[in-house]
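If you want the building blocks of each chain, they are given just below.
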Amino acid sequence: MTPDERITHPAIRIIIAEDQALVRRGAAILLSMQPDMEVVGQARNGVEAVELAQLLHPDVILMDLHMPLKGGVAATREITRALPKTQVLVLTTLDDDETVFEAVRAGAQAYLLKDADEHELLETIRGLRRGESRLTPQIARKVMDQFRRLAPVSNAEPVREGVPNKPTSEKDPSAQRAATLDTQPLSDKEEKILQLISEGMSNRQIANTLFLAEGTVKNYVSRIMEKLHANTRTELALLSRKQPRPK
């Protein structure tokens, strides 16, 4: 972060949710040493994480997944639903496919393993402030693989505008999404914004690229999420790879 950014932006307010006291305190010391970060609370379990989030409205929550009373996935889901402006950064040792995917579906905007170095952690937190989503490469691969298994796209029957879909089962999530995309296609501008999201751009960067107001970009992103039934920018980035591009 540049000196100008420190002047124009208040410190990033952070809650650390971690049941291991040494890890929690170590993270608090590291973050408190940063001039652009402030640790406003520490939670020992998922219940405390939800309570502190509702009380303090932090910018970012460092969320462990394996905690007593309430797990990190459930806590993330509650927090992101109640506090859409609060970003959840999962910091955990758990990297099995199901856990990773559930955390992203719950609303986590970033996912790091605890063996990440200090620089990666700090830059991920700052990236969240800029509206970015971050996944380590090994986690990104797991999410992509899991997403392909849960929402397969048939090469034989691609989704195309003006071509009616065959009746499908209500229990088939990929069929539901295909039907939704057929009746609610993205506009050219929405397609472009979706592509820029997949490249990791923040709303501000997209606004500068397309010569739009940042508020206008936010409105576009909200409409794209609604059309694609996505909960987070991470999901949008994954879905963008499945969207047919305008010719």
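Values in this document were obtained by computation on a predicted structure and should not be read as measured data.

Observations concerning the packing of helix H3 (residues 46–56) against helix H4 (residues 72–82)
Their axes nearest at 9 Å, the elements H3 and H4 cross at an angle of 15°. The pairing of H3 with H4 is recorded here as roughly parallel in orientation. By crossing handedness, the relation of H3 to H4 is classed as right-handed. Two secondary-structure elements touch here, H3 through Gly-46, Ala-49, Val-50 and Ala-53 and H4 through Ala-75, Glu-78 and Ile-79. By residue class, the composition of the contact of H3 with H4 is five nonpolar, one polar and one charged.

Observations regarding the packing of aromatic side chains
Aromatic ring pairs: the centre-centre distance and the angle between the two ring planes describe each pair. Per the counting criterion, the structure on display carries zero aromatic pairs. Above the face of the Tyr-220 ring, Arg-223 is positioned so that its terminal group lies 4.7 Å from the ring centre.

A look at the pattern of salt bridges
This structure, assessed with the given rule, holds ten salt bridges. In this structure, Glu-190 engages Arg-223 in a salt bridge whose closest nitrogen and oxygen atoms are separated by 3.7 Å. Of this pair, Glu-190 sits in helix H9 (residues 188–198) while Arg-223 is found in helix H11 (residues 214–228), placing the two residues 33 residues apart along the sequence. A relative accessible area of 3% places Glu-190 in the buried class.

Here's the deal with the nonpolar core
Where a protein is soluble and globular, its nonpolar side chains tend to be buried together. Grouped together as the largest cluster of nonpolar side chains are 24 residues, with contacts concentrated most on Ala-17, Ile-61, Met-63, Ile-79, Val-90 and Tyr-111. Elements with a contribution of two residues or more to this core: strand E1 (12–17), H3, strand E3 (60–63), H4, strand E4 (87–92), helix H5 (97–106) and strand E5 (110–113). Of all the elements, H3 adds the most residues to this core, at four residues. For Met-63, the residues in contact, after removing those within four places along its chain, are Ala-17, Ala-49, Gly-72, Ala-75, Thr-76, Ile-79, Val-88, Leu-89, Val-90 and Leu-91. Listed in part, the 19 residues of the second largest apolar core include Ile-14, Ala-27, Val-39 and Leu-112.

Reading the values: rules and limits
Residues numbered from 1 in each chain as written. Predicted model: local features only at pLDDT ≥ 70, side-chain atom pairs only at ≥ 80, totals over all residues. Heavy atoms only, no water. Axes fitted to C-alpha atoms, helices over the stretch in contact; angles between N-to-C directions. Helix = DSSP H or I, 4+ residues; strand = E, 2+ residues; numbered from the N terminus. Parallel < 35°, antiparallel > 145°, perpendicular 65-115°, else oblique. Left-handed = near helix turned anticlockwise from the far one by under 90°. Contact = heavy atoms within 4.5 Å. Nonpolar A, V, L, I, M, F, W, Y, C, P; charged D, E, K, R; others polar. Phe/Tyr/Trp six-rings, centres within 6.5 Å; stacked < 30°, edge-to-face > 60°. Lys NZ or Arg CZ within 6 Å of the ring centre and 35° of its normal. Salt bridge = Lys/Arg side-chain N within 4 Å of Asp/Glu carboxyl O. Buried < 20%, exposed > 50% of the residue type's maximum accessible area, 1.4 Å probe, protein only. Core = buried A, V, L, I, M, F, W, Y, C linked by side-chain atoms within 4.5 Å.

Remember, this is a structural readout, not a statement about activity or role.
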